[in-house]
Amino acid sequence: MPLTQPPRDCPLCPRLVAFRYEAQRLHPDWHNNPVPYWGDEAAALIVIGLAPGMKGANRTGRPFTGDYAGDLLYATLKKVGLATGEYRQTPSDGLELHNTLIANAVACVPPENKPTPAEQKTCRQFLTRRLGEQKPRAYLALGRIAHDSLLTALGEKKSANPFAHGAEHALSGGARLFDSYHCSRYNTNTGVLTTEMFEDVVGRAAAYISRPALFLPS
């Protein structure tokens, strides 16, 4: 059966494999493997990030866990009612997601947080299969790479759905796509993204999936 996420010790991207092996050598107690999806398996909202952070998800093994991006993401999901519990930057913190699943465009940590186009394409096969099994009402893309990779995985036209922070797109399959700048420390420190800007987009996505469905995505 075709895999819907990369296996442990995935060998497909030589540069990422080499980087991962070096991290395993330096930090043998870290996760240092493809980071699996996490959250509600029957989610109405799927959040798509870029890739695991070196000291965040690559260390802990849970998306957006262990770095600042997770601080902002999970606090916001809690605020809009999509998560409960306390986020403490560890998978054992007891945090739970509700009606929400988190995935990344690339499952392994890339050097300098920059996966190459070839690595994005190689890893997209897993995301494509997973999305083919789910019928979410909405997607939340964190950053342009996540946005573009998601559209390609869904067979949607990028020209008809240009990325912009705060944009909403009605996809041909029936779901709705919400765009946000990535919730990285760099974006928040430079003022590209404020807490209020992020909460606005996530709040709109949460409100959208809470409305009665007029139709089911095909």
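Here's a quick rundown of the structure. (Residues numbered from 1 in each chain as written. Predicted model: local features only at pLDDT ≥ 70, side-chain atom pairs only at ≥ 80, totals over all residues. Heavy atoms only, no water.)

Quick look at the overall build of the protein chain
Just so we agree on the cut-off: Only DSSP runs of H or I covering at least 4 residues are called helices, and only runs of E covering at least 2 are called strands; the numbering of each starts at the N terminus. Note on method: radius of gyration uses C-alpha positions; expected globular size equals 2.2 Å times residues raised to 0.38. For the exposure calls, accessible area comes from a 1.4 Å probe over protein chains only, and a residue counts as buried if that area is under 20% of its type's maximum, exposed if over 50%, partly exposed in between. Contact criterion: two residues are considered in contact whenever any of their non-hydrogen atoms come within 4.5 Å of each other. Values of accessible area rely on a 1.4 Å probe in the Shrake-Rupley scheme; residue burial ignores everything except the protein chains shown. Working convention for charge: Lys and Arg count positive, Asp and Glu count negative, and His plus the chain ends are omitted. One atom stands in for each charge, and that atom is NZ of Lys, CZ of Arg, CG of Asp or CD of Glu.
When helices and strands are counted, the protein chain shows seven helices and eight strands. Taking 218 residues into account, the globule formula puts the C-alpha radius of gyration at 17 Å, and the protein chain, at 16 Å, falls close to it. Judged by the C-alpha coordinates and their principal axes, the protein chain covers about 50 × 35 × 35 Å. Within the protein chain, the fraction of its 218 residues that count as buried is 51%. Contacts in the protein chain between residues at least 24 apart in sequence constitute 66% of all its contacts with a sequence separation of at least 6. Surface summary for the protein chain: the accessible area is close to 10,200 Å², and the carbon and sulfur share equals 55%. One finds the centroid of the 24 positive side-chain charges in the protein chain at a distance of 4 Å from the centroid of its 20 negative side-chain charges.

Considering helix 1 (residues 14-26)
Short version of the rule: Helix span, expected: 1.5 Å multiplied by one less than the number of residues in the helix. Here the arc refers to the set of directions running from the helix axis out to each C-beta atom.
Over its 13 residues, helix 1 runs 18 Å from end to end, which matches the ideal 18 Å to within 8%, given 1.5 Å per residue. Among the residues making up helix 1, those that are buried are L16, V17, R20 and A23. For helix 1, the arc enclosing every buried residue in end-on projection is 125 degrees, short of the 170-degree limit, so these residues lie on one face. Away from its buried face by more than 90 degrees, helix 1 exposes P14 and R25. Those residues of helix 1 that are buried lie in contact with helix 2 (57-60) and helix 4 (117-133).

So, the packing of aromatic side chains
Spelled out, the test is: Centres within 6.5 Å make a pair out of two Phe, Tyr or Trp rings, where for Trp the six-membered ring is used; the pair is then stacked when the planes are under 30 degrees apart, edge-to-face when over 60, and tilted otherwise. Should the NZ of a Lys or the CZ of an Arg lie within 6 Å of a ring centre and within 35 degrees of the ring normal, that charge is described as sitting over the ring.
Across all of its chains, the model carries four aromatic pairs by this definition. Between the aromatic rings of F163 and Y181, the centroid separation amounts to 6.2 Å while the plane-to-plane angle is 55 degrees, which identifies the pairing as tilted. With F163 in the loop between helix 5 (144-154) and strand 7 (168-170) and Y181 in the loop between strand 8 (176-180) and helix 6 (185-189), this residue pair connects regions lying 18 residues apart in the sequence. Among the aromatic side chains, those forming a connected cluster through ring pairs are W38, Y74 and Y87. One Lys or Arg, R62, reaches over the ring of W38 and ends 4.4 Å from the middle of that ring. Of note, R137 hangs over the ring of Y208, and the distance from its end group to the ring centre comes to 5.3 Å.

A word on the sheet that holds strand 6 (residues 138-142)
In a beta sheet, neighbouring strands are held together by backbone hydrogen bonds and run either parallel or antiparallel to one another. For clarity, the threshold we go by: A pair of strands counts as paired when DSSP detects no fewer than two bridges linking them.
Strand order in the open sheet formed by six strands is 1-5-2-6-8-7, with mixed pairing between adjacent strands. What marks the edges here is a single partner per strand, and that holds for strand 1 (38-39) and strand 7. Note: strand 7 against strand 8, three bridges, orientation antiparallel. Bridge pairing in strand 8 places A170 opposite R176.

A closer look at the pairing of strand 2 (residues 45-49)
Most of strand 2 sits out of view: five of its five residues are buried. Here strand 2 shows no split at all, with L45, V47 and G49 on one side and I46 and I48 on the other all buried. Examined bridge by bridge, strand 2 and strand 5 (residues 100-104) share five bridges and lie parallel to one another. Note that in strand 5 the partner of G49 across the bridge is N104.

Side note on helix 3 (residues 68-79)
Taking 1.5 Å per residue, 12 residues should reach 16 Å; helix 3 reaches 17 Å between its end C-alpha atoms and fits that length. G81 sits one or two positions beyond helix 3 and adopts a positive phi of about 85 degrees.

Observations concerning the side chain of N187
Considering the arrangement of structural elements, one finds N187 in helix 6. If we skip the residues at most four places from it in the chain, N187 touches Y181, H182, V192 and L193.

Describing the environment of E41
Rules: Contacts described as polar in this section are N or O atom pairs within 3.5 Å, which, within protein, must combine one atom able to donate a hydrogen with one able to accept it, while residues neighboring in sequence count only if both atoms come from side chains.
Tracing the chain through its elements places E41 in the loop between strand 1 and strand 2. Residue classification places E41 among the exposed residues on the basis of a relative accessible area of 53%. Spatially, the C-alpha atom of E41 lies 8.7 Å from that of Q134, the residues being 93 residues apart in sequence. Not counting residues up to four positions away in its chain, the partners in contact with E41 are L101, R130 and Q134. Only 2.6 Å separates the side chain of E41 from the side chain of R130, close enough to count as a polar contact.

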